[in-house]
Each structure stands twice: as C-alpha cells, then as structure tokens.
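Here is what each chain is made of, one letter per residue.
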Amino acid sequence: MTFEQLIPAPARAEGPGGDGFVLDASTTLWAGPGTQTTEHWLRGTLGAALRLPLAPGAEGAPGSVALRLDSELEAEAYRLTVTGDGVEIRGGTAAGVFWGAQTLRQLLGAAAFRRAPIAPGREYTVPQGVIEDAPRFGWRGMMLDVSRHFTPKEGVLRYLDLLAAHKLNVFHFHLTDDQGWRLEIKRYPKLTEVGAWRSRTKWGHRQSELWDEKPHGGFYTQDDIREIVAYADSLHITVVPEIDIPGHSQAAIAAYPELGNTDVIDTAALGVWDTWGVTPNVLAPNDHTLRFYEGVFEEVLELFPSTFIHVGGDECPKEQWKDSAAAQARIEELGVSNEDELQSWFIRHFDKWLSARGRRLIGWDEILEGGLAEGAAVSSWRGYSGGIAAAQAGHDVVMCPEQHVYLDHRQHGGPDEPVPIGWVRTLEDVYRFEPVPAQLSAEEAEHVLGTQANVWTEVMESHGRVDYQVFPRLAAFAEVAWRTLPAPAERDFADFERRMTAHYARLDALGVDYRPPGGPLPWQQRPGVGGRPIEGLPPMV
Ligand code: ACM
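Owing to the predicted nature of the structure, the values given are computational and were not obtained by experimental measurement.

A separate point is the UniProt feature "active site" (unreviewed entry) in the chain. Those places that UniProt annotates as "active site" (unreviewed entry) correspond, in this numbering, to Glu 315. Counting through the fold element by element, Glu 315 comes out in the loop between strand E17 (308-312) and helix H8 (319-323). On the basis of relative accessibility, which here comes to 28%, the residue Glu 315 falls in the partly exposed class. Residues within four places of Glu 315 in sequence aside, it is in contact with Gly 247, His 248, Val 278, Glu 366 and Trp 381. Here His 248 takes part through its side chain, which lies 2.8 Å from a polar atom of the side chain of Glu 315.

So, in structure tokens, the structure goes:
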C-alpha cells in the first residue's frame, strides 16, 4: 500500500520512504485528551479487523499509535506521521484525528476493512512518511430516502460506517414522504401505526405497469433514532433529519386526515401512497397543521442535536390550495398575494419557530419561491440556479443539483442498467462535478457550506440496489467534497480510476454491492422493469 492509493487523495503527502511501521500485537495506543472517539473506533474497528489489542500505552512510547489534538491545525485537518517507531495522528479537532485514522485504515490495505482477520498472524505495515490533509467543505453529505423504501436500522448504521470511510460528515435523513412516515412521534402514534405502511408498491418507474403486491413499511422507534444519532456522533457525522412539509405529506394525511384540504377532497379516503411522483394531496395551510407540526418538531428537536433541521418544502402543488375556500380565506387574511406566498408563510413560521429554539431551517430550493425565510439555508437540487440566487441574497447553500449528484439516476446508457431513470451520470461525470458555480463571487461562494449526493429510493427495493446506485460514485463524490480539485475538465480522472482499483478491494472487503466497472452482474439487472431514462442533459443553470 502506498500513499498513491488513497480516496479521497490527501492534500499533501511526503513519502513513502524507509521500511515502514509494523502494527502487531505489541503495538500500543496512546490517546491524548479529546481523542477518545478515535481511540474507541481504532480498537473496535481496526483492532477487530486485524485482531490487534492496541492496548493502552504511554505517551511517547516506541511502537505505538499516538492520537493528539493540535490547536495549530484547522478544525477537521489532520497530520499523519509514520516513522519506523510508530504512528502519530494530530487533528485540529477530534474530527480531524478521526479522519486521520480513516486514512491510516486505507494505508493498511483492504484487510483492514473486514470485521475479522482472514490471515491471522499476518503483519500489517504502514508506509513511512507524512500526510497533511484538510477538507475543502464543512458539509460533505449524503441524503438517504428511507420513505420510498425503508432501510432498517442496521442498514442505516452500515451507511454511517460507509460515509465515515469516505470522510463524509453529514447524513441527511429523509424520514417522511407520501409513501411512508418513518419516525415514531409519541404524541401522534398513528403517524407510524398508519403512516408507516402501504399495502402495495409500484415496481419500477411510475409509468411501469408492474406492482409488488406485498405490504411494505417500517419505522424507527425513538430509541432507534437515539442509537443512530449517537453512533453517527461517534463517527463525527451529523444527522440532519428531514420532515417534509407542506408537500410530500400524504402518509401523514392518511394517518390524520384533518391535516389535508378537507374542503377539497375526502382526505379520510386517502391511503399511504403506493406509486411515485408528486401527489396533489398536500397539507392544509391552517393553524391546526402548524400546531400539529410544532408537536412533531418538538420531538424531532429532542432526538436530533443537529443545528440544521430540514423541512423539505419541495414539489408542493398548489391546486388544492387554489380550490380550497379555507386556503383562499387564509391568503386574504394574511394579505399575501398568491399560493406561493402562502407556502412562504408556512415555511417562515417554522423558520422563526426553529430559530427561537436555537436551530436553523434548511429546505429544498422551492422555499425561495414567494420569499426566503430569514436565516434559512437552501439545498439546491433543481440545478445550480436556486443555490446561486440564495447565495447572492446572503443565504447559506448546500449544492446537490439533480443533473450531477442524484445517485438514483443511471450510471451508464446501456440496456442492462437496472430500472434506468434520469440522466446518465457516470463515475467520471461525478468526479467532474463542481459544487461552486463560477457565477458566484468569492464572497458569495463563502455561503456554499458544501455539497451532498442524494439517494431517492423509488426504484431501489433492497439494500443491494441502494449500494449499486451509490457505489462507486460516492467515492468520486467524496473526493469532490473533500479536496480542492482543478476545474472539472482538468481533473485527472485516469489517476482517480487507478486509485479506484485499490478502493474496489476495500468496498469488496466491506461487502458493498457496487456497480462493477464492466456493468451490472446478472442479479443486479432488472430486466422488464420499466424505468424512464432522460436523454441529453439540460443546460447547467
Ligand atoms: C427533490 O428531489 N424533490 C428534492
């Protein structure tokens, strides 16, 4: 293993030289103050993979791995130094030390990514040298949609491990949508008793004629969430929960019909949605709905310490509000001029509500329509333009344009891609994704907190299907989020591909069902299940 096989590649590496340092049963671990998460992770993960005790040792003892904070380094930066005598990882914060430990694991080879040794007694040598590294962005995320297809708790914990292995630090947890409510809310038990289950599921894109006729569902108890959040915290990952309002709410309306526009349709007849797309069945913009969701968010805030709380805000059709006498009366009463401004009023309410509790609202870029709430941040998904407008108006932005980093979109134009939807976005395309558009001035660009890849699971019915869509592209995305790379056309994709050879071996050791470079294996294909490919790519705006 050399320094040239790391993903993401570090900012600076010197070496390797010398014989390297051998980790064996006598290697000790000294963890300075504030580095306990990494100490625990090294013993539990690396120690288990290599069956090494990494017993507590003295500071400065030869033959040790030493962890320490270093106030001269930036927050998430680290310096990894390997001599013939030992390993030292310094980090600007505990997170920096942890990212350094992730680099150490990659330097030990694919075996370090297993849960137990396959060659007991083997020696593990770390190449000698110095690596200095720091991330470009503070928000390096992945969004997982657990509503369209539920990912049981174990699968979420596994994804947190996979994010950490790629130095990603935000897990955007899309917990509610039309097709399922996945979070236990104690004061509203029907959200999960009713809203977490649907009787059948569209199999393929919504235009497909196929159905999976078995019930689908699941939810996380509040204890599951506490475990997920604590586990993420031990990996220096922030969990940003999303409760989608006022659209994408049919599962909540199925559970509590009074949340819907009862003067327009018989909301009591609505079930949890069983197909895909954008439903017209949205929340009623009234005080009852506000109070109900304040109750939901009160429990959300108790469970999730994240500063940012995602309120969705995307794809809220306004037909029912146009047809609803109650919604029209609300427009009049508020003195706003149309339904977009009514949505804006709705979102602003939660912006103020969250701010008063020391949190910050983030929503999809539709929250710009009708005026953006003060202090709100935007997930720019319909291209770059929402993010550009928000950053120019002084709002913070997370760049996740669907044309580039929607990992549900197909990764090859061939006929064997499983349920192909959207644009072709290859591994190389993702590697050439640039999160900061050239239109932004340096000052405006400061508002780009970072970037995230989004994983919508309509056509991903199993964890293997999620893995297939996410990997290997998440590895390219991780490098884009971590490193300051040259302009897209000048990026050395050949070098990235060469490093991927080592990385595929790591993914194999982790049991990731990625898309092989040669195309899907027979069991990864879904012949006959209709998708909806989009040809060509619209202009990048
Ligand atoms: C989205 O893709 N509707 C945010």
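Read on for the rest.
So, about the pattern of salt bridges. A full pass over the atoms with the stated rule returns 40 salt bridges. The shortest N-O distance in the salt bridge between Arg 12 and Glu 132 comes to 2.7 Å. Of this pair, Arg 12 sits in strand E1 (residues 12-23) while Glu 132 sits in strand E7 (residues 124-133), and the two are 120 residues apart along the sequence. With a shortest N-O distance of 3.0 Å, Arg 68 and Glu 88 are connected by a salt bridge. In this pair, Arg 68 is assigned in strand E4 (residues 64-69) and Glu 88 in strand E6 (residues 86-91), connecting sequence segments 20 residues apart. Assigned by exposure class, Arg 68 and Glu 88 land together as buried. Connected through salt bridges with shared partners, the residues Glu 59, Arg 68, Asp 70, Glu 88 and Arg 90 form a single ionic network.

Let's shift gears to the pairing of strand E8 (residues 139-145). Buried residues dominate E8, accounting for seven of its seven residues. Here E8 shows a buried face lined by Trp 139, Gly 141, Met 143 and Asp 145 and a second buried face lined by Arg 140, Met 142 and Leu 144. With six bridges joining them, E8 and strand E22 (residues 448-455) adopt parallel strand pairing. Each bridged residue has a counterpart across the sheet, and for Leu 144 the counterpart in E22 is Val 455. Of the crossover connections in this fold, the one passing from E8 over helix H3 (residues 153-165) to the parallel strand E9 (residues 170-174) is right-handed.

Take the nonpolar core next. Core analysis: the largest hydrophobic core is formed by 150 residues, its most contacted members being Phe 173 and Tyr 293. Setting aside anything within four residues of it in sequence, one finds Tyr 293 in contact with Trp 181, Ile 243, Ile 245, Ser 249, Ala 252, Leu 259, Leu 283 and Phe 350. Counting residues in hydrophobic clusters, the runner-up holds seven residues, among them Val 170, Phe 308, Ile 362 and Ala 377.

Below, the discussion takes up the packing of aromatic side chains. All told, the structure shown has 25 aromatic pairs when counted by the stated rule. With a centroid separation of 6.4 Å and 75° between ring planes, the pair formed by Trp 99 and Trp 482 is classed as edge-to-face. Here Trp 482 lies in helix H16 (residues 473-482) and Trp 99 lies in helix H2 (residues 94-107), a separation of 383 residues in the sequence. Of note, Arg 200 hangs over the ring of Trp 211, and the distance from its end group to the ring centre comes to 3.4 Å.

Bringing the packing of H16 against helix H17 (residues 493-510) into the picture now. The interhelical angle for the contact between H16 and H17, taken along N-to-C directions, is 120°, at an axis separation of 11 Å. Comparing their axes, H17 and H16 come out oblique. In this structure, H16 meets H17 at a crossing whose hand is right-handed. Contacts between H16 and H17 involve Ala 475, Ala 476 and Glu 479 from the first element and Phe 496, Arg 499, Met 500 and His 503 from the second.

This paragraph deals with unusual backbone geometry. Excluding glycine, a negative phi dihedral is what most residues carry, and trans is how most peptide bonds are arranged. Geometrically, the link from Gly 15 to Pro 16 is a cis peptide bond, its omega value of -5° lying close to zero. Along the polypeptide, Pro 16 turns up in strand E1. Residue Pro 246 is reached from Ile 245 by a cis peptide bond, and omega for that bond is -15°. Mapped onto the elements of the fold, Pro 246 is located in the loop between strand E16 (238-245) and helix H6 (250-255). For Glu 315, which is not glycine, the phi torsion reads 45° and is therefore positive. One non-glycine residue, Val 419, lies in positive phi territory at about 35°. Residue placement: Val 419 occurs in the loop between helix H12 (402-405) and strand E21 (421-422).

The element H16 is largely enclosed, with a buried count of ten among its ten residues. Among the residues making up H16, those that are buried are Arg 473, Leu 474, Ala 475, Ala 476, Phe 477, Ala 478, Glu 479, Val 480, Ala 481 and Trp 482.

It is worth spelling out the side chain of Ser 147 at this point. For Ser 147, the location among the structural elements is in the loop between E8 and H3. A polar atom in the side chain of Ser 147 sits 3.4 Å from the backbone nitrogen of Asp 177.

So, how was this worked out
Residues numbered from 1 in each chain as written. Predicted model: local features only at pLDDT ≥ 70, side-chain atom pairs only at ≥ 80, totals over all residues. Heavy atoms only, no water. UniProt positions renumbered as here; feature names shortened; annotations may be inferred. Helix = DSSP H or I, 4+ residues; strand = E, 2+ residues; numbered from the N terminus. Buried < 20%, exposed > 50% of the residue type's maximum accessible area, 1.4 Å probe, protein only. Contact = heavy atoms within 4.5 Å. Polar contact = N/O pair within 3.5 Å; in protein donor to acceptor, adjacent residues only side chain to side chain. Salt bridge = Lys/Arg side-chain N within 4 Å of Asp/Glu carboxyl O. Pairing = 2+ DSSP bridges. Right-handed = clockwise from strand over helix to strand, strands pointing away. Core = buried A, V, L, I, M, F, W, Y, C linked by side-chain atoms within 4.5 Å. Phe/Tyr/Trp six-rings, centres within 6.5 Å; stacked < 30°, edge-to-face > 60°. Lys NZ or Arg CZ within 6 Å of the ring centre and 35° of its normal. Axes fitted to C-alpha atoms, helices over the stretch in contact; angles between N-to-C directions. Parallel < 35°, antiparallel > 145°, perpendicular 65-115°, else oblique. Left-handed = near helix turned anticlockwise from the far one by under 90°.

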